[in-house]
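So you can see what is in the structure, the chains are spelled out below.
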Amino acid sequence: MVDIISNRVQEAYGSFRMPSMFGQGTDTQQNGGFSTYSMLKRFGEAGRRQRQLNVDHERMVRQQSLFHIKEMPITHVEPELKPIPGLACPYCSPTESRPQLDADDRRRSAIDILRVTTHAGEQYARVNNPGKFDWGVWCPHLAQATRVRRFSYPQVAGAVLPDERVQEALDTAAKESINDKRTELGLAENDESFDEDSYYSAMLRNHERRAEKILVGMRSKISNLVLRITSWVLYKLLPCFMSGVAAHPAQIDMIKRAIEKHPDVPLIFLPLHRSHLDYIMVSFILLNNDIKCPLVAGGDNLRIPVFGSILRYDGAFFIKRKIDPLTGKKDHVYRAILHTYLQKCLTAGHNVEFFIEGGRTRTGKPCMPKSGILSVIVDAFNDKSIADALIVPVSINYEKLVDGNFVREQLGQKKIPESFASAASAIMKVLKARYGLMRIDFNEPFSLSELIKSLRKSDMRDNYTPEMRRLQHKPSSSSLFGTDVVQEEQDQRQLIDNIARHVVYDSARATSVMTTNALAFLLLNRFRDGAPLSLLVEALDELRAVLSGVRDLGFTGSSEDVVRYAADLLGPGLVTKEMRNGQLFVKPVVMIPNVIELSYYSNCLIPHFALESIVVTCAGLLKREAERNSNTDRHDHADEVTIGRGALLAACMEFAELLMYEFILCKPCQKLEAVLENTLQELCMRDILAQPEPEFTEEQLMARKLAHNLQCDGLDVDDEELDDYFDDQQQPNSSTTGRYGAEEDDTRIHFPAEKHCNRLVLESVLAPFTNTYSAVASSLHQLLDGNSIVESEFIRLCIKEISARVEMGDCKYGESISTDTVRNCLKVFQKRSYIEITNNNGVRLVSLQPPYDTMAELQSIVQQVHTFVPV
């Protein structure tokens, strides 16, 4: 039967030839076909043997290749070392400032903490429950919340009122009430008709009841249970509106190592304040990394129903922003309770967190520090309440601000107070939107005792020039954060202010640059009229190269993808996209109020470029002045104009003094003149400006070589003295007196034509601020003839003046409309005694001070400020 079937197959398909296993074809039969089943079977066995031989041969080739790879030396390519942001100052904190991040830590990248649960999943099961089923694999967020470490959070409120400081404050307040009553009744001090003892007892009881009420409203009720519940809720809610929360695991490890080194020392977290989400997220990260959560100082405006109670159990204690209800009269009771409560918390081992800027920044750039609560911590160290404290600056940034925007306040309108309805509505609105990535960076912890010791030993006063003393921030007399809670000497106050400014400066430098920051900065300062996608990509590549190694970038990937992503995230209200000539064209929305909101994201980068902008702006100012004096055409002969280096640095110092309340341009341990000189050198190295290399004679070269050899032998020879000696021999007729009263050295600064666009970009960085200052100076004429105007009303007049200039085209920067910038300008004018701000029954009045109350003097002020406005 099989033979019949094989014959039928042969007839149907014809003859075919079987290839020989030895490479030669043979005819199975004369017609080339199979005639029997046995021949077909032999053919199948031959095919199987051939396939097996092929498999064995391939296996042998793979094994030989594998042995060859194993024997070859492996080239080890290590990931690139990343810059270390947020390290402590090596001068102010020499011991603790040594990098606590090793090479392996520096190669690690930030992680999304919303997708990493350290206490849930298989790893926890293997360590704690080997061989057992772990439900945390299926419920990681719940397992994470239940398995975090428990800490002891003792309540200290009961020890506050009996404290000696509080009792003395109650006695002082009661005695002041007696004096106020005598004044009200018109009685003399020795008038016996007034029963002083009974009135004192009554007032003392009133102040005691008030003290109890203050303490109840202030105290925190931090709870492990509520912290865990909040952690689980955040794990569920945050992914609804944020793409991630990035933090660096090496920074967390750095804090843990600092805690191991100082186990009984409290941590003081000092974040820069951008959003109400800041303090929640700091505690969230610390809790889920087994670090004790801090008590957080929050404004009493957040003490609203439900949400205020949740915050209180999460560690918040509420304080008033204005602690003196009456102008010129201190609230001794409130101050004593706040001071004592903080000291008791530190003594009990609580960590503390407060915002060194006071409130949230309304402009996107860091604010001047408020040192009130910091002074309490320093006082606790001085009186031995605590042995030491670890200061941990925290940098926080968002791709898109969760709190919305502050345009309303920048336009001069009043802030809408928080309420339960507004908070609930805001939460519902947030959950429906998209806010991108949040980035939190914990800077290197440094010892408060070591910092104070270093500052006192080095005598910081010797490091300050007269200009730097004028740049010192004057604390507010009405704000809690700016009012001295403890009585200090002037040196102590300067020490605390130096620490606060140092923290803000370091935190600003360590703040990660987000995608929206980079795009908004480029659009407002380089492509204000818009640009094709290709140009934006090139500009972003250049910006990333400039920031590389100096600032940490909170994004990766190609610049084209970054631009597209950031433009989508900002939305059509701030950035428009359209197709032009087959290419995507991106343009900022520069009309008010949209441009004010867009500038918020751009301003994050302004402190980084502020020094360069000051130098380039002053260079342009002197260049225009030189062109006017030489009667040359600046367009045809721009590359021929030069300016003196000495005059440039003098102008930079004057410009920096004008911006004293806008930026912290250098650390307190640095000299501003030296920082400006370094900035000029960097600009020259990048060919944005140019100065010739110094040429020395043979005698000068020999003297320098001799000085170098003597220094190598251990002898102290000042190279600068040799420079001064030979400068006169090199060019004896070089010194001239410039406009700014400084002797110009012979070094001439040139303006390379090919970098003209770069200079224009840097000039535009500070142009919105100088335009605001110019408008405020012009508005001072409304104070002539002895007029006094309420401060809030005068600010509205200034905003109106700026808006009119923007509408008329005299000012092309709509972001110049800024209430915060106007206030800072008024502080400068008050510091220079141009104006006087007085309190009249709680109303702040602005008036001119002699001799600046004449039109001629006002014109000189306007001209002085307007000088720094770029053309």
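What counts as what
- Residues numbered from 1 in each chain as written.
- Predicted model: local features only at pLDDT ≥ 70, side-chain atom pairs only at ≥ 80, totals over all residues.
- Heavy atoms only, no water.
- Helix = DSSP H or I, 4+ residues; strand = E, 2+ residues; numbered from the N terminus.
- Contact = heavy atoms within 4.5 Å.
- Phe/Tyr/Trp six-rings, centres within 6.5 Å; stacked < 30°, edge-to-face > 60°.
- Buried < 20%, exposed > 50% of the residue type's maximum accessible area, 1.4 Å probe, protein only.
- Lys NZ or Arg CZ within 6 Å of the ring centre and 35° of its normal.
- Pairing = 2+ DSSP bridges.
- Salt bridge = Lys/Arg side-chain N within 4 Å of Asp/Glu carboxyl O.
- Core = buried A, V, L, I, M, F, W, Y, C linked by side-chain atoms within 4.5 Å.
- Right-handed = clockwise from strand over helix to strand, strands pointing away.

*Asks:* Would you take a moment to explain the overall build of the chain for this structure?
*Replies:* Helix and strand counts for the chain stand at 31 helices and 21 strands. Taking the intrachain contacts of the chain between residues at least 6 apart in sequence as the baseline, contacts between residues at least 24 apart amount to 78%.

*Asks:* Looking at this structure, how should I read the packing of aromatic side chains?
*Replies:* In this description, an aromatic ring pair is defined by two values, namely the gap between the centres and the angle between the planes. For the structure on display, the rule yields 13 aromatic pairs. Note on Phe-406 and Tyr-600: the rings are 6.1 Å apart at their centroids and 40° apart in plane angle, and the pair reads as tilted. Here Tyr-600 lies in helix α22 (residues 594-602) and Phe-406 lies in the loop between β9 (390-398) and α14 (407-410), a separation of 194 residues in the sequence. Of the two residues, Phe-406 and Tyr-600, neither departs from the other in class, the shared state being buried. Taken together, a centroid distance of 5.5 Å and an interplanar angle of 70° make the contact between Phe-663 and Phe-769 edge-to-face. Remark: Phe-769 occurs in helix α28 (residues 756-779) and Phe-663 occurs in the loop between α24 (645-658) and α25 (672-685); sequence separation between them is 106 residues. The structure contains a cluster of three or more aromatic residues connected by ring pairs, namely Phe-406, Tyr-600 and Tyr-601. One residue, Lys-365, lies across the ring of Phe-663, its end atom 5.3 Å from the ring centre. Seen from the ring of Tyr-661, Lys-827 lies directly overhead, with NZ or CZ sitting 5.9 Å from the centre.

*Asks:* Teacher, can you tell me more about the sheet that holds strand β14 (residues 583-588) here?
*Replies:* The strands making up a sheet are joined through hydrogen bonds of the backbone, oriented either antiparallel or parallel. If you trace the three strands from one edge of the open sheet to the other, you get β12-β14-β13, paired in antiparallel fashion. Edge positions in the open sheet fall to β12 (531-532) and β13 (575-580), since each of these has one partner strand only. Relative to β14, β13 is paired through six bridges, and the arrangement is antiparallel. By the bridge assignment, Arg-580 is partnered in β14 with Gln-583.

*Asks:* Even after reading the chapter, I still don't get the sheet that holds strand β21 (residues 843-848), so can you show me in this structure?
*Replies:* Strand order across the open sheet formed by three strands is β19-β21-β20, with antiparallel pairing between neighbours. Each end of this open sheet is capped by a strand with a single partner; those strands are β19 (789-790) and β20 (835-840). Note: β20 against β21, six bridges, orientation antiparallel. Counterpart to Thr-838 in the pairing with β21 is Leu-845.

*Asks:* Any chance you could explain the pattern of salt bridges here in plain terms?
*Replies:* When their charged atoms lie close together, side chains carrying opposite charge are able to pair. The final tally for this structure, using the stated rule, is 20 salt bridges. Of the charged contacts, one joins Asp-163 and Lys-344 as a salt bridge, the two residues approaching to 3.5 Å between their closest N and O atoms. You can see Asp-163 sitting in the loop between α5 (140-147) and α6 (164-185) and its partner Lys-344 sitting in helix α12 (residues 332-347), a full 181 residues away along the chain. Residues joined by salt bridges that share partners form a network here, namely Arg-439, Asp-441 and Asp-552.

*Asks:* What is the right way to look at the nonpolar core in this model?
*Replies:* Within soluble globular proteins, side chains that are nonpolar tend to cluster in buried spots. Counting 209 residues, the largest nonpolar core has Phe-354, Phe-442, Ile-614, Leu-648, Phe-829 and Ile-835 as its most contacted members. The dominant element in this core, judged by the number of residues it contributes, is helix α23 (residues 606-630), at 11 residues. One finds Tyr-279, Leu-302, Leu-311 and Ala-316 within the second-largest nonpolar core, a separate group that totals seven residues.

*Asks:* Just to check I follow, could you spell out the pairing of strand β6 (residues 295-299) for this structure?
*Replies:* In summary, the side chains of a regular strand alternate between the two faces of the sheet. The element β6 is largely enclosed, with a buried count of five among its five residues. Burial of the side chains of β6 extends over both faces: Leu-295, Ala-297 and Gly-299 are buried on one face and Val-296 and Gly-298 on the other. Sheet topology note: the β6/strand β7 (residues 316-319) ladder contains four bridges and is parallel. The residue bridging Ala-297 from the neighbouring strand is Phe-317, located in β7. Following the backbone out of β6, through helix α11 (residues 307-313) and into the adjacent parallel β7, one traces a crossover that is right-handed.

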